[in-house]
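Residue-level listing of the chains:
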Amino acid sequence: MARAIELIGITKRFPGVVANDKVDLAVEQGEIHAVCGENGAGKSTLMKILYGMQNADEGTMKVNGQEVRFHKPTDAIDLGIGMVHQHFMLADQLTVLESVILGSEPTLAGGRIDFAAAKAHLAEVSQAYGLNVDPDQLIESLEVGERQRVEIIKVLYRGAKILILDEPTAVLVPQEVEELFRNLRELKANGATILFIDHKLAEVLAIADTVTVLRQGRSVATVKAADVTAPQLAELMVGSELPTPATSESTVTDDVVLQVRDLQINEAGRPVVSDVNIVIRRGEVVGVAGVEGNGQAALVDGIIGTRPVAGGTIELLGDDVTRQSVRHRRERGIGYIPQDRQREGLLLLAPLWENAALGHQTQAPYSQGFWMNRSGMRTATQEIRSEFDVRTPNIDVAAHALSGGNQQKFIVGREMHSQPTLLVAAHPTRGIDVGAQAAVWDQLKAARAAGLATLLVSADLDELIGLSDTIVVMFRGRIVATLDPAKVTPRDLGAYMTGAATQDDAA
Amino acid sequence: MTRIASVLRRIKTDAAAPVMALVFAVAASSVVLLVAGSNPIQAYSDMLKHASKLETMIDILNRATPLFIAGIAAAIGFRMNLFNIGVEGQYLLAALVAAHVGGLVHLPAPLHIALILLVAMSVGAAYSGVAGVLKVTKGVHEVISTIMLNAIATSGLIVAGLQAWQAGGGLGGNVTRVGTTPIDESGRLPNLNGFVEIFTRDIGRDRELTGVLVVAIAVGVAYHVIVGRSRFGFDLRASGANPFAAHVGGIPPKRMIVTAMVLSGAVAGLVGMTEIMDGGVFPANPIQGLGFAGIAVALLGRNSAIGALVAALIFAFLDISSGILQNTGSASREIVQIMQGLIILAAVVAYQVTERARAREEAKAAATALAAVAS
Ligand SMILES: Nc1ncnc2c1ncn2[C@@H]1O[C@H](COP(=O)(O)OP(=O)(O)OP(=O)(O)O)[C@@H](O)[C@H]1O
Ligand SMILES: [Mg+2]
């Protein structure tokens, strides 16, 4: 039987970089094939070419043995290829059901959309793969993990036989990852071929049959997953060892930076955060664990000031900022790494040096009084670029031209560059490759030693345990456990996160 | 050195699209003219010959002045992703009220002029602000609200105002034959003929170059530096580009919407100044349509001050040329409207095309550079 996919000599150039340089990739029928590599190695670009979103400058593609030439994604979809992107592409104002059926709507006589049939089919698909969604919810109100699920369902709904998943696990907690992997194995058993990208090597080895490694736009190796270990894979990708975050000795002081008391936040009249109390001191990292959708996002929004608070108080450096503007809070020294970098972190069409000022535009070196300071902005951007190893041809490129991981590094760099007193970080290393992840962890640790207070929300339990001084677990909007990371295992955490275990507040 | 080179290259690529659009529009118009049985060469040469006269140039500048101001007003909205269709109603209402107030008071010249400008800007700002407030409080889309506000202004408020405020008191009934009470000489902007004549021969045939040109230049310069270089301009562009990212970056989206609408309206308020500050009254039949033309100017000029300047001059040239075509009989004057439409259409397409071409070119340059390094 012919290979599901064969890419031969694919080359793709962008201004200032060669994203794919004569890449070869062969994917057998019915296998799970992982594509690994550093940030900017060209993984997403290769997948977009296979999905017809971008045209290769050179090279040939074969699908099921037939040479093909895609001009638009529908060409690929027609051949049963579906893709879930690294950055979601859902419209806020649509419901889940509308998003899923968009472009493949079942119609009644007269051209009206058959919503009943669509809903039934959606229910079938989500039932079959255990992907639960509420078809009537607005995309706007979904958290990242839920958006992820909608994207996957959208692809399955169209009956794709070849699935491309670009970093599907980046924001999922381990239970969700397991769930997803179970689904993928099921799909595979039903004859689907799956291509997926992931930076977490343990996950890659757990699910993939074959792994192709890209480095600087070239395919450097294709190996059977059974034949390699994670360190060997890391070696292939970046030429270095696999890092683990391990906290050095405590740097916690007595000075309270953030004090959250009895916080309540409502959404559509219902509380999504209730009775939350958190104290973060200088030099302390408080980790927030929880399955997506248990109030972490609302908590973060409340602290940043983008969502109104229904009850309780937020004090920053001793001042009550509960009713203060976002700008006021940021000028008091809050740095913010959002969970969704493209939605809340970047002006995609603006050059990097303008993006560097976003969120800090009222402060030096980005501005002086009434005026922006262009040379200050440029210098700061260069510093961010070199300190955080942001791979880009220059600082005049638009933010969208950076690979996902490099966008993330840029945002982390931007927030750290202003030397915040409180860092609110949601999934700070999301999509960052293993090498760069270690560097970011080191930066966070150094800042902590220098007195930074951090609220760390992460789906990566090793990251949470390794970086935090205290971990709180959120479940249904409440803090259900406060744990010492030195004495907790990812397993225990998982139990609290799903509500399987509880802890008395007195304990 | 390289900076200068890169600036030159940018000008070249920035100019490519409008030039392509113009070439296409001329070509397409020629076809229309041929089909209509006219001689395109004859028509164009009539237009150009006419435009090269000093007096016609004055006409063009007088026409371009309000078009430019209206273009900037629309561009302020566009920068914030707001489609302010209401420039039309805002400028007419602003001019009416400003003319009325200007006609009532007697003040020394600088104060009188300042007062009129201030009233015009305030009225424009307030009227446009209504649309902004409706958007952030009730979620009414600004296109809907400004269209309604236009209708209310042009068929309601202005008619009523003209009746109540016409010179010499009401004529009784619903008659509106004259405009508002004439503004004292102190409230009118002097013409710029003296300045022009330093460089040229005397301007003949009663042509006067509008003093509002100075206001337009000030508006253009202020727009350019404030949007491009100030903190406020940064906030405006950021909020227009990505309201979510702007919000977490400390820029309140709702306040930004209202502010942008208010500013757009304030500038719109100045569009009618050519009419009332040159003529001294808000006439019974004011020039209409400048607000809609401003949207086209902003579109063709890509929301930049320089672009809007060029666009305003092109549209003014075409407007003024329509008269001469009528006179010489070389083509019907409607061809001018067809050309204006074609230019806008072509501009939208051309911007797309040049954008892609530029990306391709840069990619090629990068590849050659890398190949050189590799070998
Ligand atoms: N639209 C674009 N315009 C210009 N350059 C681009 C564009 N898309 C990607 N690039 C560049 O191509 C290279 C490869 O990017 P790609 O997104 O494929 O990387 P990736 O392997 O997916 O990285 P990551 O792990 O960070 O997501 C990067 O250097 C990036 O800057
Ligand atoms: Mg990628």
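Residues numbered from 1 in each chain as written. Chains lettered and ligands numbered in written order. Predicted model: local features only at pLDDT ≥ 70, side-chain atom pairs only at ≥ 80, totals over all residues. Heavy atoms only, no water.

### Concerning the overall build of chain B
From N to C terminus, chain B includes 15 helices and zero strands. A total of 375 residues make up chain B; the buried ones form 48% of that total. Within chain B, contacts between residues separated by at least 24 positions form 75% of all contacts whose residues are at least 6 apart in sequence. Accessible area of chain B: about 17,600 Å², with a carbon and sulfur share of 68%. (Helix = DSSP H or I, 4+ residues; strand = E, 2+ residues; numbered from the N terminus. Buried < 20%, exposed > 50% of the residue type's maximum accessible area, 1.4 Å probe, protein only. Contact = heavy atoms within 4.5 Å. Areas by Shrake-Rupley, 256 points an atom, 1.4 Å probe, with all protein chains shown as cover.)

### Brief notes about the site of ligand 1
Residues and elements named next belong to chain A. Around ligand 1, the surrounding shell holds 21 residues, and the nearest of these are Ser44, Thr45, Ala401, Ser403 and Gly405. Take alanine 401: an N or O atom from its main chain is 2.6 Å from an oxygen atom of ligand 1. A distance of 2.6 Å separates an oxygen atom of ligand 1 from a polar backbone atom of glycine 405. Listing elements by their share of the shell around ligand 1, those giving two or more residues are β2 (17–27), α1 (43–50) and α14 (404–417). Among the residues forming the shell around ligand 1, the class breakdown is six nonpolar, 12 polar and three charged. (Near = heavy atom within 4 Å. Polar contact = N/O pair within 3.5 Å; in protein donor to acceptor, adjacent residues only side chain to side chain. Nonpolar A, V, L, I, M, F, W, Y, C, P; charged D, E, K, R; others polar.)

### Re the pattern of salt bridges
Residues and elements named next belong to chain A. On inspection of all chains with the given rule, the structure shows 31 salt bridges over all chains. Among the ionic pairs, arginine 478 bridges to aspartate 275, the shortest N-O distance being 2.7 Å. In this pair, arginine 478 is assigned in strand β22 (residues 478–483) and aspartate 275 in strand β12 (residues 270–281), connecting sequence segments 203 residues apart. Assessed through its relative accessible area of 44%, aspartate 275 is described here as partly exposed. Two residues, aspartate 389 and arginine 391, come together in a salt bridge whose shortest N-O distance is 3.0 Å. Assessed through its relative accessible area of 35%, aspartate 389 is described here as partly exposed. Residue class for arginine 391 comes out partly exposed when judged on its relative accessible area of 38%. (Salt bridge = Lys/Arg side-chain N within 4 Å of Asp/Glu carboxyl O.)

### Side note on the domain arrangement of chain A
Residue and element names in this part refer to chain A. The domains assigned to chain A are domain 1 (5–238), domain 2 (243–333 + 422–440 + 453–507) and domain 3 (339–419). When each unit is reduced to the centre of its C-alpha atoms, the spacing between domain 1 and domain 2 is 31 Å. For the pairing of domain 1 and domain 2, the buried interface totals around 1,600 Å² over both sides, and the portion due to carbon and sulfur atoms is 57%. Viewed at the interface, domain 2 and domain 1 are joined by four residue pairs in polar contact (both at pLDDT 80 or more). Class assignment for the residues of the side of domain 1 that touches domain 2 results in 10 nonpolar, six polar and five charged. (Domains from an automatic or database assignment. Buried area = accessible area lost by both parts, 1.4 Å probe.)

### Quick word on the interface of chain B and chain A
Between chain B and chain A, the contact holds 26 residues from the first and 31 residues from the second. Where chain B abuts chain A, roughly 2,400 Å² becomes buried across the two surfaces, and 63% of that area is made up of carbon and sulfur atoms. When the buried area of chain B at its contact with chain A is split by residue, Arg231(B), Phe234(B) and Val248(B) rank highest and sum to 30% of it. Linking chain B with chain A are two salt bridges. Note that Arg327(A) and Asp235(B) form a salt bridge whose closest N and O atoms lie 3.0 Å from each other. At the boundary of chain B and chain A, one finds 12 residue pairs in polar contact (both at pLDDT 80 or more). Within the residue set of the side of chain B that touches chain A, elements represented by two or more residues are α8 (212–229), α9 (231–241), α10 (243–248) and α15 (334–374) of chain B. By residue class, the composition of the side of chain B that touches chain A is 15 nonpolar, six polar and five charged.

### Re the sheet that holds strand β19 (residues 422–426) of chain A
All names here are of chain A. Pairing in this open sheet of six strands is mixed, and the strands run β16-β19-β20-β13-β21-β22 from one edge to the other. The outermost strands of the open sheet, each flanked by one partner alone, are β16 (334–337) and β22. Ignoring strand direction, the axes of neighbouring strands in this sheet form an average angle of 20°. With four bridges joining them, strand β13 (residues 285–289) and strand β21 (residues 470–475) adopt parallel strand pairing. When the bridges of β21 are listed, alanine 289 appears paired with valine 473. Contacts from helix α9 (residues 296–304) reach β13, β16, β19, β20 (453–457) and β21, with the element oriented near 150° to β16. (Pairing = 2+ DSSP bridges. Axes fitted to C-alpha atoms, helices over the stretch in contact; angles between N-to-C directions.)

### Looking at the pairing of β19(A)
Residues and elements named next belong to chain A. Counting buried residues in β19 gives five out of five residues, a clear majority hidden from the surface. Judged by which residues are buried, β19 turns out to be covered on both faces: Leu422, Val424 and Ala426 on one side and Leu423 and Ala425 on the other are all buried. Here β19 pairs with β20 via five bridges, running parallel. Across the sheet, the residue bridging to leucine 422 is alanine 453, located in β20. For the crossover that starts at β19, traverses helix α15 (residues 434–449) and ends in the parallel β20, the hand is right-handed. (Right-handed = clockwise from strand over helix to strand, strands pointing away.)

### Side note on helix α8 (residues 230–238) of chain A
All names here are of chain A. Along α8, the residues classified as buried are Ala230, Leu233, Ala234 and Met237. Buried positions in α8, seen along its axis, are confined to an arc of 100° and lie on one side of it. Tucked inside the fold, the buried residues of α8 contact β3 (32–37), α7 (201–207), β9 (210–215) and α15. (Arc of directions from axis to C-beta.)

### Topic: the coordination of the magnesium ion (ligand 2)
All names here are of chain A. Distances from the magnesium ion (ligand 2) to its protein donors, namely Ser44 (OG) and Gln86 (OE1), fall within the range 1.9 to 2.2 Å. Highlighted residues: serine 44 in helix α1 and glutamine 86 in the loop between β6 (81–84) and α3 (96–101), separated in sequence by 42 residues. Summarising the burial analysis for this pair, serine 44 and glutamine 86 share the class buried. (Donors = N, O, S within 2.8 Å, 3.2 Å for Na, K, Ca; no water.)

### So, the nonpolar core
Core analysis: the biggest nonpolar cluster contains 151 residues, and Val473(A), Leu493(A), Met273(B), Ile276(B), Met277(B) and Phe282(B) have the highest contact counts within it. Sort the elements by how many residues they give to this core and helix α3 (residues 54–79) of chain B lands first, with 12 residues. Counting only domains with at least three residues in this core, you end up with domain 2 (243–333 + 422–440 + 453–507) and domain 3 (339–419) of chain A. Filtering out sequence-adjacent residues up to four positions away, Leu493(A) remains in contact with Ala289(A), Leu461(A), Ile465(A), Ile471(A), Val473(A), Leu483(A) and Val488(A). Of all hydrophobic cores here, the second largest spans 50 residues; its members include Cys36(A), Ala160(A), Ile194(A) and Val228(A). (Core = buried A, V, L, I, M, F, W, Y, C linked by side-chain atoms within 4.5 Å.)

### Some thoughts on the environment of Met237(A)
Residues and elements named next belong to chain A. By the secondary structure assignment, methionine 237 is in helix α8. Once the C-alpha coordinates of methionine 237 and alanine 41 are considered, the two residues, 196 residues apart in sequence, prove to be 9.2 Å apart. Contact partners of methionine 237, with chain neighbours within four places excluded, come to Cys36, Gly37, Glu38, Leu201, Val213, Arg215 and Val434.

### Some points on the side chain of Asn84(B)
Residues and elements named next belong to chain B. Here asparagine 84 shows up in the loop between α3 and α4 (87–104). Residue class for asparagine 84 comes out buried when judged on its relative accessible area of 2%. Of the polar contacts made by the side chain of asparagine 84, one reaches the backbone nitrogen of glycine 86; its length is 2.8 Å. Among the polar contacts made by the side chain of asparagine 84, one reaches the side chain of serine 264 at a distance of 2.8 Å.

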